[in-house]
Amino acid sequence: MRFASLLIAALPAAAQAEGARIVFDCQIVSRCDAAGACTPATTMQRFNLTPRDRAADGSGSYSISYDEIEAEAQAPDGLRLFRWREGDRDRQTLLLNDDSNATWHRLRDGDAAKTSIEFLRCEILQ
């Protein structure tokens, strides 16, 4: 819980307001497949999170968008873990490990070729 408090405190005042968007600009530094084989990566990824129904600790529901994707995400543990689906056979989590590192897990039921874990280095933009 301390991490969520630190993250909220680190956000600019405008981003702490109800309904304010949170933007994470991340570089994917490593990508691992379902078999555990990892390769270095240099892809950039931006996550936009817009609170829909958020508690004071940051827990609640968010709209998450990245690339051309928009989904409804849940943050059950404050601003540390976000989980969402792109469809019935898809599950994803974004775990903020500390103030600059995150892990993005994408699980595609029945399609191991599209299941991955990506290690990210992120910066909070707003």
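Scroll up to find the structure this text is about.
Keep in mind that what you see is a predicted model, and the values were worked out from it rather than measured. (Residues numbered from 1 in each chain as written. Predicted model: local features only at pLDDT ≥ 70, side-chain atom pairs only at ≥ 80, totals over all residues. Heavy atoms only, no water.)

(A) Examining the state of the cysteines more closely. A full pass over the atoms with the stated rule returns two disulfides. Note that Cys 26 is cross-linked by a disulfide to Cys 122, the S-S spacing being 2.1 Å. An S-S torsion of about 105 degrees defines the bridge between Cys 26 and Cys 122 as right-handed. One end of the pair, Cys 26, is in strand E1 (residues 22-33); the other, Cys 122, is in strand E9 (residues 116-124), with 96 residues separating them in the sequence. Put simply, Cys 32 and Cys 38 are joined by a disulfide, and their sulfur atoms are 1.9 Å apart. An S-S torsion of about 105 degrees defines the bridge between Cys 32 and Cys 38 as right-handed. Judged by relative accessible area, Cys 38 falls into the partly exposed class, the value being 46%. For the chain, the bonded cysteines pair up as 1-4, 2-3 when numbered in the order they occur along the sequence. (Disulfide = S-S within 2.5 Å. Helix = DSSP H or I, 4+ residues; strand = E, 2+ residues; numbered from the N terminus. Buried < 20%, exposed > 50% of the residue type's maximum accessible area, 1.4 Å probe, protein only.)

Just geometry here; none of it tells us what the structure is for.
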